[in-house]
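# Structural characterization, general
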Amino acid sequence: MKVVLEHLTKRFPNRNKKIHTEVVAVSDFNVEIPDGQLVGLLGPSGCGKSTALNLICGLETPTEGKIYFDADDVTELPPEKRGVGMVFQNYALYPHLTVRKNIMFPLQNFKGEDKLTKEQMNERVMEAARLVQIEELMDRKPSEMSGGQQQRVAIARALVKMPRLLLLDEPLSNLDARLRLQTREEIRRIQKETHITTVFVTHDQEEAMSISDFIIVMKDGVLNQMGKPQDVYDHPVNLFVAKFLGTPPINVFAGMVLDGGVYIGSDCIYRGSKLKDQEVWIGIRPEGFILKKDGALTCDLKAVEVMGRDTSIVCENEALTGQPTVRAIIPAETPLETKSGKVRFDIKPSKLYLFDKQTEEVLEDIR
Amino acid sequence: MMAEEKKNKGAGRGKERAGAIARYTLLSIWALIVLFPFYWMVLTSFKSYASYNSEYVPRFVATDPTVQNYKSAFTEVPLARYFTNTFLFTIITTALMHVVIILAAYAFSRLKFRGKNAVFALFLSLMMIPNELVVITNYVTITNWNMRNTFLGLILPSVTSVFYIYLLKENFEQIPEELYKAAKVDGTSDLKYLLKVMIPISQPTIITITILKVIECWNSYVWPRLITDDKNHYLVSNGIQEIRESGFGRDNVPAMMAAVVVISLPLIILFLIFRKKIMAGVSRGGLKG
Amino acid sequence: MKKSLKETGKGWLYLLPALLFLGIFMVYPLIDVLVYSFEESYNFASQSYTGVGLYNYKYVLRDPYFIQALKNTFIIVIITVPVSTTLSLLVAYLLSRITKLKELFQTVSFLPYVTNTLAVGLVFMILFKKTPYSDGMINILIRFFGGESVDFIDGPYWAKMMVMCIYTVWVVMPFKILILTSALASVNETYYKAARVDGTSSFRIFTRITLPMISPMIFYLVITGFIGAFKAYSDEVALFGTDLNKAGMNTIVGYVYDMLYGDSGGYPSYAAAAALILFMIVFTITIFNLLISNKKVSIGGGK
């Protein structure tokens, strides 16, 4: 099922009653989520992504705009009539019920002709349990299970009513690092098996990049960019998206364009810019540095961190903004001379982005 | 050096042992003070009227134990009646109270409505009002409603407790918001959510409240005394007072003690079974007040 | 908007039972009791009164029975609150220092809490009473240690007061022990370990670490103890019977009930005035206590 959001806007009254301005959690959102895809809704905390999810689910009603599931306008429908399954950040399992009863809970709410017999319910419950591989835990209570297992139960409970749309709110944030990797593969697998259109919210870009078919990057309630993870990473539309995706993060320098040359301080790192002369933000991905004796950019070497596959060079440059040090990732086999205290790099043009000094929109994205 | 150290250690151990002996001795004395009245009432209840009165210096064992006193307790005074009354009173009051306070606590903790904060503030301020202050008018009210010597008259004024509403509301609020949202997504109604999720989760608090209320009901004396003068509606506390002042020809102490034993037993048995829950409950309930 | 109106309706609907009961049996009586206390020569039968003023208060404050009740109540408060708190602290402390049989002692200590005070009061009366047949257990003990036997129930005032206080302490201690035991258990072990490493004596550890840490709990118990002791009544009835005025052992609450009901009853106005006087006393003392505790309790140890 395809989900379409049209001019979706949600404003909350300010919590401080003396201030009458409203807080805009989601602002004029226009998105089309294709059928059967896994979509990651990504952004820093407080950017409105959870509100967006609650709007889709029906726990909140939008101030303006429409929500369509395929051709149906569901904007005014209560959650239970939308056919959505939701997994909450803390799983929201009922602590007093066993796994079996937790998964069965949504089915017991069915009314009228949808009402299921006991056998049908049991069958559906077992089916969902099998899908998330928790058949042997059915009689445990949530408190007797690990975080990962609880997560599976929560997913099973969301899937058991065969929703048209599965929503996951920060599904991995309560898990430890190892489980997180495992569980995100699991979510991917389940989504591929069921083909249910799935939207999940996360603030962890790596998580979103690794399993999503599409990612949506949000900031302050505004959609910044939507696309395939690699496309968004390679071609960010603005400085925020560029900074938000990738670890270690992109290095941002204050620089300028002069006669087609891109300058950081007095070092010209690239020639052939089509921009007119102006000050710009220069973004260089950590993997965009090539260590070279007579490289274009000179930095003061601070430290070398050996990470096995790669080597991370930590150095300083006066023009750098935002973070304290430049991070360059180079292949581990590259020989490195450290005596002079200086390192010099050439820059891969494909990893170089120029952003407008004021609007921070991308100006030039060299392919 | 070594010898001295050893000696010090020895002295320390000796001191410790002396301390332990002192602690256990003091605690045993306290236990004796607590238990002695219970022992005495059980003991006396098994002595016959004649032998009790013939012992100028009371014996610590019943030489000729008899259950006659228990028979008298149930035949000469309407003890069974007092008992049933108290039992009914306790169960109905506690059950009704739960309905009232659970609904109120749910409204305060989960529902959003206009005027909520104002009403809650009013509720909190009512917590400071001592019962003694309102009893006078309640007495008049119940009298005017012709409810003296009725169960309704006994029960009605004690079916709400602001403190328990507060206690339960606090507990309800600790249940994560997400559970409510999850239930909403699944189309659960408010009432079903309350019954199927909130109440089971809050079971420990509800048990605490039940325990406190049952103890309170079983021991209540003042209100029943004001509102009943018909023996058919006496509760055990009033019954025991009645027995003391006019039952058994006043001096039949062993029979009185048998009645006292019978009246004390239910709560003591309840306590011995649910010892941990009751103690935890009382300390929780008592603390927040 | 429609939705919020529905929600509001639902909220009030859920509150309705509580509001009804509280309104009828709490809020209205509160206003009413004030009205009663100012209505002069109120007649219960005709529900009429002759004037409005302070006469009821004047009457109550001049009534020798009330003065006696006031005196009794104050004596009970002043003796039982400190004695029961100190003894409870001692028992709770001892309980915290033992491991074997701890549960048994805890259970026993708590037992009086779950008993009907009127029933056990009767046992106390039997133990202390002097009858033609026997001097009673306590008097025999006193004589055994070479003392003079006294009738504690129908005898001199001080003897009656003594039984009264002993029984009150016996009744209120379980709760205090329980609260103090959990307060003591909540003190972090590491403080004790640190103090022991520094070679601090047990006594010093108790006065310098334990006491300050649990002081909020102690103050809480003192405050609630004061309130509870001021409302003393049913324990008195248990020992001395319903005619407390005759026994000279009446309390303020007893006076209120006597004015309302029973042989000397039928004067709700006097009862109201007495109840309000009690409320004012309790209120003042509670505020006073809170002020002191705010000054003295600096380290928060309780939960």
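Residues numbered from 1 in each chain as written. Chains lettered and ligands numbered in written order. Predicted model: local features only at pLDDT ≥ 70, side-chain atom pairs only at ≥ 80, totals over all residues.

## Here's the deal with the overall build of chain B
Summing up its helical and strand segments, chain B has 15 helices and zero strands in all. Computed over the C-alpha atoms, the radius of gyration of chain B is 26 Å, more than 25% above the 19 Å expected from 2.2 N^0.38 for a compact globule of 289 residues. Expressed as lengths along the three principal axes of its C-alpha atoms, the size of chain B is roughly 80 × 70 × 35 Å. With 289 residues in all, chain B has 42% of them scored as buried. (Helix = DSSP H or I, 4+ residues; strand = E, 2+ residues; numbered from the N terminus. Rg over C-alpha atoms; globule rule 2.2 N^0.38 Å. Buried ≥ 20, exposed ≤ 12 C-beta atoms within 10 Å, placed from the backbone.)

## Structural notes on the overall build of chain C
Looking only at helices and strands, chain C features 13 helices and two strands. What you see for chain C is a C-alpha radius of gyration of 24 Å, clearly larger than the 19 Å of a compact globule of 303 residues, by over 25%. Taken over the C-alpha atoms alone, chain C extends approximately 80 × 75 × 35 Å along its principal axes. The 303 residues of chain C split such that 43% are buried. Contacts spanning at least 24 positions in sequence make up 68% of the contacts within chain C whose residues lie at least 6 apart. (Contact = placed C-beta atoms within 7 Å.)

## Digging into the sheet that holds strand β8 (residues 197–202) of chain A
Residues and elements named next belong to chain A. Strand order in the open sheet formed by six strands is β6-β7-β8-β3-β9-β10, and the pairing between neighbours is mixed. Either end of the sheet is taken by a strand with one partner, and the two such strands are β6 (84–87) and β10 (222–227). The mean angle between the axes of side-by-side strands here comes to 20°, regardless of whether they run parallel or antiparallel. Bridge count between β6 and strand β7 (residues 165–169): four bridges; the pairing is parallel. Considered in β7, the bridge of V84 is made with L165. (Pairing = 2+ DSSP bridges. Axes fitted to C-alpha atoms, helices over the stretch in contact; angles between N-to-C directions.)

## Concerning the interface of chain B and chain A
Taken together, the contact pairs 13 residues of chain B with 15 residues of chain A. Counting only elements with at least two residues in the side of chain B that touches chain A, the list comes to α9 (177–185) and α10 (190–201) of chain B. Here the element with the most residues in the side of chain B that touches chain A is α9(B); it accounts for six residues. Residue composition of the side of chain B that touches chain A, by class: seven nonpolar, two polar and four charged. (Nonpolar A, V, L, I, M, F, W, Y, C, P; charged D, E, K, R; others polar.)

## Quick word on the domain arrangement of chain B
Residues and elements named next belong to chain B. Split by domain assignment, chain B resolves into domain 1 (2–69) and domain 2 (71–288). The C-alpha centroid of domain 2 is placed 35 Å from the C-alpha centroid of domain 1. With eleven residues of domain 1 in contact, the opposing surface of domain 2 contributes eleven residues. Those elements that place two or more of their residues in the side of domain 1 that touches domain 2 are α1 (2–45), α2 (49–54) and α3 (68–75). The element that contributes the greatest number of residues to the side of domain 1 that touches domain 2 is α1, accounting for four residues. Its residues assigned to classes, the side of domain 1 that touches domain 2 shows five nonpolar, five polar and one charged. (Domains from an automatic or database assignment.)

## Some words on the interface of chain C and chain B
Between chain C and chain B, the residue contacts involve 69 residues of the former and 72 residues of the latter. The element best represented in the side of chain C that touches chain B is helix α1 (residues 2–38) of chain C, accounting for 19 residues. Residues that form the side of chain C that touches chain B fall into these classes: 52 nonpolar, twelve polar and five charged.

## Describing the confidence of the model for chain C
All names here are of chain C. Looking at chain C as a whole, its pLDDT mean stands at 86, while 93% of the residues score no less than 70. Taking the mean pLDDT of every element in chain C, the minimum, 76, falls on strand β2 (residues 51–52) and the maximum, 94, on helix α3 (residues 64–96). Predicted confidence is poor over residues 298–303, with pLDDT under 50, and the contacts of this stretch with residues over four places away or in other chains come to 14 contacts. The ipTM for the predicted assembly is 0.86, set against a pTM of 0.81. (pLDDT = per-residue confidence, 0-100.)

## Considerations on helix α13 (residues 236–246) of chain B
Burial analysis of α13(B) places eight of its eleven residues in the buried class, the great majority of the element. Taken together, the buried positions of α13(B) are occupied by V236(B), S237(B), N238(B), G239(B), I240(B), Q241(B), I243(B) and R244(B). Packed against the buried residues of α13(B) are α4 (79–110), α11 (203–219), α12 (222–227) and α14 (253–273) of chain B together with α5 (117–128) and α10 (234–240) of chain C.

## Describing the pairing of β7(A)
Residues and elements named next belong to chain A. The buried fraction of β7 is high, at five of five residues. A two-sided burial pattern is seen for β7, the buried positions comprising L165, L167 and D169 on one face and L166 and L168 on the other. Relative to β8, β7 is paired through five bridges, and the arrangement is parallel. The residue of β8 that forms the bridge with L165 is T197. Note that the unit made of β7, helix α6 (residues 177–194) and β8 has a crossover that is right-handed. (Right-handed = clockwise from strand over helix to strand, strands pointing away.)

## Digging into the arrangement of the chains
Contact analysis covers two pairs of chains in contact, and the most contacts occur between chains B and C. If you take every C-alpha in chain A and every C-alpha in chain C, the smallest gap between them is 11 Å, and the two do not touch.

## Looking at the sheet that holds strand β19 (residues 326–331) of chain A
Residues and elements named next belong to chain A. Taken in spatial order, the five strands make up an open sheet running β15-β20-β16-β17-β19, and their pairing is antiparallel. One side of each edge strand has no neighbouring strand; the edge strands of this open sheet are β15 (289–291) and β19. When strand polarity is set aside, the average angle formed by the axes of neighbouring strands in this sheet is 50°.

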